[in-house]
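Structure at a glance
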Protein chains: 4
Amino acid sequence: MVEKGRPRSEKIEKAILSAAYKLLMETGFQSVTVESIAKEAGVSKATIYKWWPNKAAVVVDSFLAAAQERIPMPNTGSVEKDLLLQLGNLSDFLETDKGRVITELIAQGQFDSDVANAYRTRYFAPRRLAAREILQRGIERGELKKDLDMELSIDLIFAPLFYRMLVTGAEIYPDFIKSVVSCVLTGIKVP
Amino acid sequence: MVEKGRPRSEKIEKAILSAAYKLLMETGFQSVTVESIAKEAGVSKATIYKWWPNKAAVVVDSFLAAAQERIPMPNTGSVEKDLLLQLGNLSDFLETDKGRVITELIAQGQFDSDVANAYRTRYFAPRRLAAREILQRGIERGELKKDLDMELSIDLIFAPLFYRMLVTGAEIYPDFIKSVVSCVLTGIKVP
Amino acid sequence: MVEKGRPRSEKIEKAILSAAYKLLMETGFQSVTVESIAKEAGVSKATIYKWWPNKAAVVVDSFLAAAQERIPMPNTGSVEKDLLLQLGNLSDFLETDKGRVITELIAQGQFDSDVANAYRTRYFAPRRLAAREILQRGIERGELKKDLDMELSIDLIFAPLFYRMLVTGAEIYPDFIKSVVSCVLTGIKVP
Amino acid sequence: MVEKGRPRSEKIEKAILSAAYKLLMETGFQSVTVESIAKEAGVSKATIYKWWPNKAAVVVDSFLAAAQERIPMPNTGSVEKDLLLQLGNLSDFLETDKGRVITELIAQGQFDSDVANAYRTRYFAPRRLAAREILQRGIERGELKKDLDMELSIDLIFAPLFYRMLVTGAEIYPDFIKSVVSCVLTGIKVP
DNA sequence: AGATAAGCGAGACGGTACGTCTTGTCTTCTT
DNA sequence: AAGAAGACAAGACGTACCGTCTCGCTTATCT
């Protein structure tokens, strides 16, 4: 059966997401208003609420849609080098405007579980997968313990960066990453 | 020098903080309004704004004032046991209502640097100090490397719990803590 | 050109004006609050501020909207009788609740020129026109001087009533009106 | 019996009235706040409320205290000339800042009968007395009707000026005064 | 001289209205 | 039916002013 009436315009959806993303980058999550998105996109507020349940949903969506760039998958033959590259990329990213934004989204996730689910499945899940592959190859190469708890290991690797970003606010200098990888590895590596 | 004018009423200050804390626990950060605090405390809104610049400031203050209970300082003679106790307490705490609240405050800290500064200096700083002592004793007993980077080590220990709370939302079961401590230790322990 | 968007609801506008008018009559200008108007009208405060710049504007508007009843135009064939009827009506009116209200609006007009402009053009202008016609007919009938300064004469006729209402607070008894008309017509000098 | 305790400081009372008057002239009735009077006078708010029941009372008092300058009593031998001088002075006065202020006080009198009583007895009563004398002399000289209603006549003379000031807002040019006096004296009817 | 009591400055406080802002829904006409 | 425009309800925000109060200090008279 064919849908009746005017079909949903994909152009409009994109305009909304672009506008939301632009404002998110420029002014931060709290300063973005649905009104401002509508104006920037040349769109009616009702149209936004037609497709997203609330402001947080649009804004998160706009961020995640824009974050679909390729996730780098380092494969140097060494777990340590791979992890250093991976964490280096992440920490570089967290310094950018986008990095600031993701902490705002994580913050919003504490108040809105839909937001939390969104960034978990669409943002973090694929990135953890990349880390998983690095570790998997390390196991196969005999660099890492066979019975490694993968999820735990990934937590140990990523957690310190987010902990500093979100909780302590301490600077994330390059040596910090080196030290994190070194410490975690010496722990999980075959002795 | 003697203070001039009618002195600030401590009773009122306490009433405000108690009211804010009560509402924070009952309804969560976002649902607390300055109006509701004023009503609950039997106080004028203007009085609240006289002493705190905005809602976030009062609410955070109310939490931190209530969080001044003794920080447990385990001292079993073993770094591993001490850390297990410390992290066990923390994870128990994070399961309670207060635990939920602190994630909300951390969230708020992403939007308001005054809030972030408040919980960093008044909440986390003393708790990190406790961890520091545990590690220090470990070094003195020869359990840990002499040239240990303390801040980094504390980050490695605490980060995974907060990472799960704030980012992945994964459950924090008892074995998780054991594994975290074990992994971090094997790395920083003298071989 | 057709208006875009949802049209302004006339029902709501009327509800606001009715509510404001009701409260104005019941409690007086100073006791009316925008909040109370909103509540009485079952309307949002923002809607009121959308169409009126402040409380005074709504309240004055509500009064003037309600004061659009027919202005009596006596035409007895005698200037004196016409003026007596006109002033009698006015003084009866000033004794009512509405009369008290208009002094409050005039008072408000001293602080807010928009208010003053409103009652001048919408309330007094049409009433002065009626008086003008009475005088005009008097001139045509040869009762009054041909070169009469109309504005001045109208001032002389109306002023004493308002002067007593606003300034001296003296009672306005029926004979007072008779005397005013008589004096204005013939003067106080010995003939 | 002698009063116990520290006596009321006249200096302070004067400072309050001066401050209130200064602010009244500079910023108008509504913009004067008790706070600002206290600050300007270097006095405590409580001291103000100790001697006056509310803001309006102080401000009106400050005005009336300052308005105690001699009231001119023209006596030219002609009622017309006397009235022209008297009204001329009044209209000159109403053009000044003080003139604006008195309309504000009259306005305030509509909401506060204490204010109204104050300016009636302390401001208008003595000025009406002066007019009364003018008329009395006119009667004695045979210029005016013997059975003249004095209060009414005074109303007729003063009312138009205040009517223009308070109600119509029309300009009060010199000829206007001439015409008022002339009309009141001789009437508008064809002789 | 010391006690007593009111005057006073400073400023905290309760109360209450203001006018603004944002969210999410609803209504009308246009495409 | 989708969409633009924009009206609307709800309700929190932070500000302002009023008039009252609570301190401690000062300035008088009374004992």
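Cut-offs applied
- Residues numbered from 1 in each chain as written.
- Chains lettered and ligands numbered in written order.
- Predicted model: local features only at pLDDT ≥ 70, side-chain atom pairs only at ≥ 80, totals over all residues.
- Heavy atoms only, no water.
- Phe/Tyr/Trp six-rings, centres within 6.5 Å; stacked < 30°, edge-to-face > 60°.
- Helix = DSSP H or I, 4+ residues; strand = E, 2+ residues; numbered from the N terminus.
- Buried < 20%, exposed > 50% of the residue type's maximum accessible area, 1.4 Å probe, protein only.
- Lys NZ or Arg CZ within 6 Å of the ring centre and 35° of its normal.
- Expected span 1.5 Å × (residues − 1).
- Contact = heavy atoms within 4.5 Å.
- Salt bridge = Lys/Arg side-chain N within 4 Å of Asp/Glu carboxyl O.
- Buried area = accessible area lost by both parts, 1.4 Å probe.
- Polar contact = N/O pair within 3.5 Å; in protein donor to acceptor, adjacent residues only side chain to side chain.
- Nonpolar A, V, L, I, M, F, W, Y, C, P; charged D, E, K, R; others polar.

Per the counting criterion, the structure on display carries 35 aromatic pairs over all chains. An angle of 70° between the planes, with centres 5.5 Å apart, marks the rings of Phe124 of chain A and Phe162 of chain A as edge-to-face. Placement of the pair is Phe124 of chain A in helix α7 (residues 113-140) and Phe162 of chain A in helix α8 (residues 150-168), with a sequence separation of 38 residues. Summarising the burial analysis for this pair, Phe124 of chain A and Phe162 of chain A share the class buried. Members of the aromatic cluster, each reached through a chain of ring pairs, are Tyr21, Phe63, Phe93, Tyr119, Tyr123, Phe124 and Phe162 of chain A together with Tyr163 of chain B. When the ring centre of Phe176 of chain A is taken as reference, the NZ or CZ atom of Arg164 of chain A above it lies at 3.8 Å. One cation-aromatic arrangement involves Arg8 of chain D over Trp51 of chain D; the distance from NZ or CZ to the ring centre is 3.6 Å.

The end-to-end C-alpha distance of helix α9 (residues 174-186) of chain C is 19 Å, a good match for the 18 Å that 13 residues give at a rise of 1.5 Å each. Along α9 of chain C, the positions that sit buried rather than exposed are Phe176, Ile177, Val180, Val181, Cys183, Val184 and Leu185 of chain C. Packed against the buried residues of α9 of chain C are α5 (79-95) and α8 (150-168) of chain C together with α8 (150-168) of chain D.

Throughout the structure, instances matching the rule amount to 48 salt bridges over all chains. When the shortest N-O distance is used, the salt bridge between Glu104 of chain A and Arg100 of chain A registers 3.4 Å. Of the two residues, Glu104 of chain A and Arg100 of chain A both sit in helix α6 (residues 97-109), four residues apart, roughly one turn of that helix. Residue classification places Glu104 of chain A among the buried positions, given a relative accessible area of 7%. In this structure, a network of salt bridges that share partners links the residues Arg128, Arg132, Glu151 and Asp155 of chain A together with Arg164 of chain B.

It is worth spelling out the interface of chain D and chain C at this point. Many descriptions give the size of an interface as the accessible area lost when the pieces come together. Listed by partner, the interface residues are 47 residues for chain D and 47 residues for chain C. For the chain D and chain C pair, buried surface summed over both sides reaches about 4,300 Å², with 66% attributable to carbon and sulfur atoms. Between chain D and chain C we count two salt bridges in total. A salt bridge links Arg164 of chain D to Asp155 of chain C; its shortest N-O distance comes to 2.6 Å. Counting every contact that joins chain D to chain C gives 10 residue pairs in polar contact (both at pLDDT 80 or more). Taken together, the elements giving at least two residues each to the side of chain D that touches chain C come down to α6 (97-111), α7 (113-140), α8 and α9 (174-186) of chain D. Among the elements that take part in the side of chain D that touches chain C, α8 of chain D stands out by supplying 15 residues, more than any other. Its residues assigned to classes, the side of chain D that touches chain C shows 26 nonpolar, 11 polar and 10 charged.

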